[in-house]
Amino acid sequence: MSNPRGAGIASFVGTSIEWYDFYIYGTASALVFGRLFFPEASPAAGVMASFATFWVGFLARPLGGVIFGHLGDRIGRKGTLVATLLLMGGATTLVGILPTYASIGVLAPILLAALRFVQGIAVGGEWGGAVLIAAEHAGPKRVFYAAFAQQGSPAGSILATGVFALVTLMPEDAFLSYGWRIPFLASAVLVVVGLVIRLRVEESPEFVRMREQREVAKLPVAEVFRTAWPLVLLGIGASGVGIASAYFTNTFILSWATTDLGIAKSTMLNVLLIVSVTQFVTQPIGAVLGQRMGAARYMLLAFTALIVCTPVTFLLVGTGSPVWVTIGLAVSVVFSGSSYAALAGFLAEAFPARVRYTGISLAYQLCGALIGGTTPMIAQGLLGATGTIWAVVGQYLVVILLTMACVTGLQRRSASRTPVEV
């Protein structure tokens, strides 16, 4: 697969599997981990503890970005993508056979957190390589083809939510005993499929050119911090909505709806499945318009619309009606998802090729640790402290405004630089 479309498809399939693995952990955190791994805590404290192990994966993501960014900028994009897929699949499968607190006591949550950490390292290296293997095959159409990697996020969410929707149909005892493990064990099969496809992809032509001309960075992370640290800082903020929106929806709102609002787990998972399908169908709009209008311009338009619809979304979810919840979340995801599609190409264009893997990985994964992974915990804490969902609405609006400011700043700084290599 040496053509842009083939590289894009391989990128999409691999990221779909990686995000499936990452998202099923978030779903399990909201539905089951609190009871199985933190049974001595109160229900609310158990959810918070479960969300804390969820955050561990985000803390590991920058480390994964540094490790695999270094390898990707030094030895190539393709090999790192094979390694991250194997690492993620192995950790996810092990979660599926992990004994619970009832079997091995406090060692159970420790091992759970350790495997989540490994997941974080894997996805920390995966995203940057998947974006670049597609974008660097595409030349001037990199915004459009980089979005193939972004399409893996809703696809992984559809897979994760769909599988959990099926297993929650089991009797409660069976679900708590072994049903929740099925989505994790299924990862082993998906990884084999992903490997077959990824091994057929040729190395990025831009990396091949740099290697032939001996322009490969010797220590990419040091070069990034020496020459491109403002781009990393702005890239962290510019990724805010793209990362946080999924965890407002798939983790915090899932927990809020199935506890405080009294919506059945199976019903809410079906709602999220519909929302994920909506994102999958509408997200390519951002790839097309971002390529035509410019990624930054389109993203700012989408964020403006998201500011308007966010309070409405939470009001509709707060009704507790599955129909209104679906409508509210679907409208929101149209704007957050389409801006997410344009984000990958936008970040790829901001960094020079010799440190691009490390640069975009650090920006995106540090955002995941600082903003994405903390989203459910902060939202749960705000809801508990204030007793009103409007505090959480305020949290989301702050994230949107921060993202808009950083997209604007990164666009201006990128425009003032010498154009990146193509």
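Attention in this report is confined to the structure presented alongside it. (Residues numbered from 1 in each chain as written. Predicted model: local features only at pLDDT ≥ 70, side-chain atom pairs only at ≥ 80, totals over all residues. Heavy atoms only, no water.)

1. Focus on the environment of Ala 344
The line we're drawing: To qualify as a helix, a DSSP run of H or I must reach at least 4 residues; to qualify as a strand, a run of E must reach at least 2; elements of each kind are numbered from the N terminus. Note on exposure labels: buried denotes an accessible area under 20% of the residue type's maximum, exposed denotes more than 50%, and partly exposed covers the range between, all computed with a 1.4 Å probe on protein chains only. In this analysis, two residues are considered to be in contact whenever any of their non-hydrogen atoms come within 4.5 Å of each other.
Inspection of the secondary structure assignment puts Ala 344 in helix α18 (residues 322-350). Residue classification places Ala 344 among the buried positions, given a relative accessible area of 0%. Those residues in contact with Ala 344, other than ones at most four positions away along the chain, are Trp 127, Val 131, Ala 146 and Gln 150.

2. Quick look at empty space enclosed by the protein
Formally: A 1.4 Å probe that fits into a set of points on a 1 Å grid over the protein atoms alone but cannot get out defines a cavity; an open set with protein on both sides within 12 Å along at least five of seven lines defines a pocket, and lining residues are those with an atom within 4 Å of a point. Grid points are joined across faces, edges and corners, and a volume is the space filled by probe spheres set on the points.
Scanning the model with the defined rule gives four cavities of 30 Å³ or more in all. Estimated volume of the largest cavity: approximately 270 Å³. If you go around the largest cavity, you meet 24 residues; those closest to its centre are Ser 245, Ala 246, Thr 249, Gln 279 and Val 333. Where the lining of the largest cavity is concerned, the elements lending two or more residues are α7 (152-167), α14 (240-259), α15 (265-282), α17 (295-318) and α18. Here the element with the most residues in the lining of the largest cavity is α14; it accounts for seven residues.

3. Notes on a nonpolar patch on the surface
Stated formally: Like-charged residues within 9 Å of one another, or nonpolar side chains (Val, Leu, Ile, Met, Phe, Trp, Tyr) within 5 Å, are grouped into patches, provided each residue has over 30% relative accessible area and no salt bridge. Note on areas: these come from Shrake-Rupley sampling with a 1.4 Å probe, and a residue is covered only by the protein chains present in the view. Any carboxyl oxygen of Asp or Glu that lies within 4 Å of a side-chain nitrogen of Lys or Arg is treated as forming a salt bridge with it.
Nonpolar side chains collect at one region of the surface, where Ile 104, Val 106, Leu 107, Ile 110 and Leu 111 lie side by side and expose about 410 Å² of accessible area between them. Considering every element that reaches the nonpolar patch, the biggest residue donor is helix α5 (residues 107-135), with three residues. Topologically, Leu 107 is positioned in helix α5.

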